[in-house]
Amino acid sequence: MAATDFFFAFVFSFALIFGFSFAGDPYVSYDFTLSYITASPLGVPQQVIAVNGKFPGPVINATTNYNVHVNVLNHLDEPLLLTWPGVQMRRNSWQDGVLGTNCPIPPNWNFTYDFQLKDQIGSYFYSPSLNFQRASGGFGALIINNRDLVPIPFTEPDGEIIFIIGDWYTQNHTALRRILDSGKELGMPDGVLINGKGPFKYNSSVPDGIEHETVNVDPGKTYRIRVHNVGISTSLNFRIQNHKLLLIETEGRYTSQMNFTDFDVHVGQSYSFLVTMDQNATSDYYIVASARFVNETVWQRVTGVGILHYSNSKGPASGPLPVSATDVNHPWSAMNQPRAIKQNTSASGARPNPQGSFHYGQINITRTYILRSLPPTKINGKLRATLNGISFVNPSTPMRLADDHKVKGDYMLDFPDRPLDEKLPRLSSSIINATYKGFIQVIFQNNDTKIQSFHIDGYAFYVVAMDFGIWSEDRNSSYNNWDAVARSTVEVYPGAWTAVLISLDNVGVWNIRVENLDRWYLGQETYMRIINPEENGSTEMDPPENVMYCGALQAMQKEQHHSSATKSMTNGQLILIFSMMMVLLSSFSSFC
């Protein structure tokens, strides 16, 4: 065998092994170690959760149809799961990273998430889903790019900038858990972080020595800015002084393009904007993320401030911060902003055909679920949050795993589709028995005192209406049945409702929850169980070979004998590696 032939065989084998495939869907691999580090984002040393030593963690960058492998090593002192809000794992709720579908990763163990990105693009994030851990970090951005053959509906930007924003306490997640467990509210946060950093010293209220975020840009260029609110419970108003925010995408759906001076980003939500650097650079400019739908005078400290620095800037930013355009004392006015978000029906998304070709408004609704939240209440002497009077208790065995092994009594398929006012609030592992291929409407009715964000795993839903008051059937006539935007996390104002439509075509067990961490921790969630009665192996994936066992199935779990992250691969990849090694050995023998 010639040397060139041997070299080609080696390169070909190496490419196959490490994912640079010449055919089929490629994959990206990440090794994540989650551990504690000490940081002082608000000037006070505290324990935060880092990913690979970084806070926030690294960006996961992939493309439609890519296979994603994330090997997670848990170096925390408690169990861990990572979840991927908004990422629609087709046929694969086994990788969802919530207690209803996954056993937790014990300390010093690793687990590899392995899923394929299907017909999806857009801006998302990952974060821990257990034990209030997101309040200490462990989060990072996740980007799904268009395939090359699918054009984006705007001129290619000159660069991208990610903003991970969120309210923040100087106490870590274990201390905040203890506060909630004692029956108290968390109270006002200590600040807002932008990319893990505290506020620029814009006035004397900000202590000295706090590191702030600075973003360097060039004049005349346009940047795609992705904004993610990964906070605990505070809606934030995002703005860049003297710059327009051109809205282009929300959690995977391109929107009709509209300019805003500022934009409300609620807990768990992600948006993309185009921002053109069209100012004269007489000075730097403020980047602001401030608390929203609260007494903003009292909550002044709950403000994140960064700096936008032009390469030709002539001086530092100074003076008062820019203010938002709408007054939260007039919530009707504030609601006009999310109502204005429409789908870009002429834009392609993950597929070459326009996304608007799916005429959701012409499909008959098969069932309505009204999910009502109330202020937390005492159940069995403990403060709990509820949906339809039920505060969810996660069963000891994840529900999809219990189904697969015929574990009885693990949960109940009796979650009510309406609030049951005649019954007292109760604890239960009650979930929704949803119908495969159904087309349902879900009404999120917020009778709590705080604005909330609701999320559904495994799906994007059409946001067809929101209003104040109590929803009733006659409100269907006001729905947007033409160009409603699809997303996975939607805000619901206090004393108001939001209606969404969902096509139940993704089998599995999928979490429905409030993204506000305090309410989620107190039990404000449930699940939808969607099973194809004619399952033939094509609509749902089998359990992964590395599935973890717990609860009633704990005895099936094998010990792990290592404490460092190793690259976990599927059997198919291992077989491929073995085959290529045989080819290499054979080629090398011939060459010699």
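This one's a predicted model, so the numbers in the text were calculated from it and none came from an experiment.

Draft legend 1. Spatial organisation of the pairing of strand β2 (residues 46–51). Counting buried residues along β2, 5 of its 6 residues qualify, which places the element largely inside the surrounding structure. When strand β1 (residues 27–39) meets β2, the two strands line up antiparallel, connected through 6 bridges. Directly across from Ile37, in β2, lies its bridge partner Val48. Between β1 and β2, which pair antiparallel one after the other, the connecting turn spans 6 residues, and Gly43 there sits at a positive phi close to 85°.

Draft legend 2. Inspection of the state of the cysteines at higher detail. Under the defined criterion, the tally for this structure stands at 1 disulfide. Each sulfur in the disulfide pair Cys103 and Cys550 lies 2.1 Å from the other. Its torsion about the S-S bond being -85°, the disulfide of Cys103 and Cys550 is classed as left-handed. Of this pair, Cys103 sits in the loop between β5 (82–83) and β6 (110–116) while Cys550 sits in the loop between β33 (525–531) and α6 (571–591), placing them 447 residues apart in sequence. Each member of the pair Cys103 and Cys550 is classed as buried.

Draft legend 3. Seen up close, the environment of Pro419. With respect to the secondary-structure elements, Pro419 resides in the loop between α4 (399–404) and β24 (426–428). Sequence separation between Pro419 and Ile390 is 29 residues, and the spatial gap between their C-alpha atoms is 9.2 Å.

Draft legend 4. Representation of the UniProt feature "binding site: Cu cation" in the protein. The positions that UniProt labels "binding site: Cu cation" are, in the present scheme, His455. Of note, His455 is situated in strand β27 (residues 452–456). Apart from the residues within four sequence positions on either side, His455 is in contact with Pro85, Gly86, Ser488, Thr489, Asn511, Ile512, Arg513 and Glu515. For His455, the side chain forms a polar contact with the side chain of Asp457, separated by 2.6 Å.

Draft legend 5. Region of the structure containing helix α3 (residues 331–339). Those residues of α3 that sit buried are Ala334, Met335, Gln337 and Pro338. The buried residues of α3 occupy an angular sector of 140° when the element is viewed end-on, so they sit on one face. Elements in contact with the buried residues of α3: β15 (253–260), β16 (263–265), β28 (461–468), β30 (489–492) and β31 (496–503).

Draft legend 6. Local environment of the pattern of salt bridges. Under the criterion given, the structure shown has 26 salt bridges. The residue Lys221 makes a salt bridge to Asp218 at a minimum N-O spacing of 3.4 Å. What makes Lys221 partly exposed here is its relative accessible area of 34%. A salt bridge links Glu515 to Arg513; the shortest N-O distance between them is 3.1 Å.

Draft legend 7. Structural detail: the sheet that holds β16. Read across the open sheet, the 5 strands follow the order β11-β19-β18-β13-β16; overall the sheet is mixed. The sheet is open, and its two borders are formed by β11 (214–217) and β16, each paired with just one other strand. Between one strand axis and the next, the sheet turns by 25° as a mean value, whatever way the strands run. Of the pairings in the sheet, the one linking β11 to strand β19 (residues 303–310) comprises 4 bridges and is parallel in character. Across the sheet, the residue bridging to Val215 is Leu308, located in β19.

Draft legend 8. Expanded view of the packing of aromatic side chains. Enumeration over the complete set of coordinates arrives at 23 aromatic pairs. A centroid spacing of 5.9 Å and a plane angle of 55° characterise the contact between Phe468 and Tyr493, whose relative ring orientation is tilted. Of this pair, Phe468 sits in strand β28 while Tyr493 is found in the loop between β30 and β31, placing the two residues 25 residues apart along the sequence. Taken together, the aromatic side chains of Tyr30, Phe32, Trp84, Phe111, Tyr113, Phe115 and Tyr126 make up a single cluster linked through ring pairs.

Draft legend 9. Region of the structure containing the sheet that holds strand β20 (residues 367–373). Spatial strand order, β20-β26-β31-β28-β29: 5 strands in an open sheet with mixed pairing. Only two strands of the sheet have a single partner each, and these edge strands are β20 and β29 (486–487). Strand direction decides the pairing type here: β28 and β31, joined by 6 bridges, are antiparallel. Looking at the pairing, Ala465 lines up with Ala499 of β31. Docked against the sheet, α3 engages β28 and β31, running at close to 165° with respect to β28.

Draft legend 10. Spotlight on helix α2 (residues 173–181). All of the buried residues in α2 are His173, Ala175, Leu176, Arg177, Ile179 and Leu180. For α2, the elements touching its buried residues are β1, β2 and α5 (517–521). Positive phi shows up at Gly183, right after α2, with a value of about 90°.

Conventions used here
- Residues numbered from 1 in each chain as written.
- Predicted model: local features only at pLDDT ≥ 70, side-chain atom pairs only at ≥ 80, totals over all residues.
- Heavy atoms only, no water.
- Buried < 20%, exposed > 50% of the residue type's maximum accessible area, 1.4 Å probe, protein only.
- Helix = DSSP H or I, 4+ residues; strand = E, 2+ residues; numbered from the N terminus.
- Pairing = 2+ DSSP bridges.
- Disulfide = S-S within 2.5 Å.
- UniProt positions renumbered as here; feature names shortened; annotations may be inferred.
- Contact = heavy atoms within 4.5 Å.
- Polar contact = N/O pair within 3.5 Å; in protein donor to acceptor, adjacent residues only side chain to side chain.
- Arc of directions from axis to C-beta.
- Salt bridge = Lys/Arg side-chain N within 4 Å of Asp/Glu carboxyl O.
- Axes fitted to C-alpha atoms, helices over the stretch in contact; angles between N-to-C directions.
- Phe/Tyr/Trp six-rings, centres within 6.5 Å; stacked < 30°, edge-to-face > 60°.

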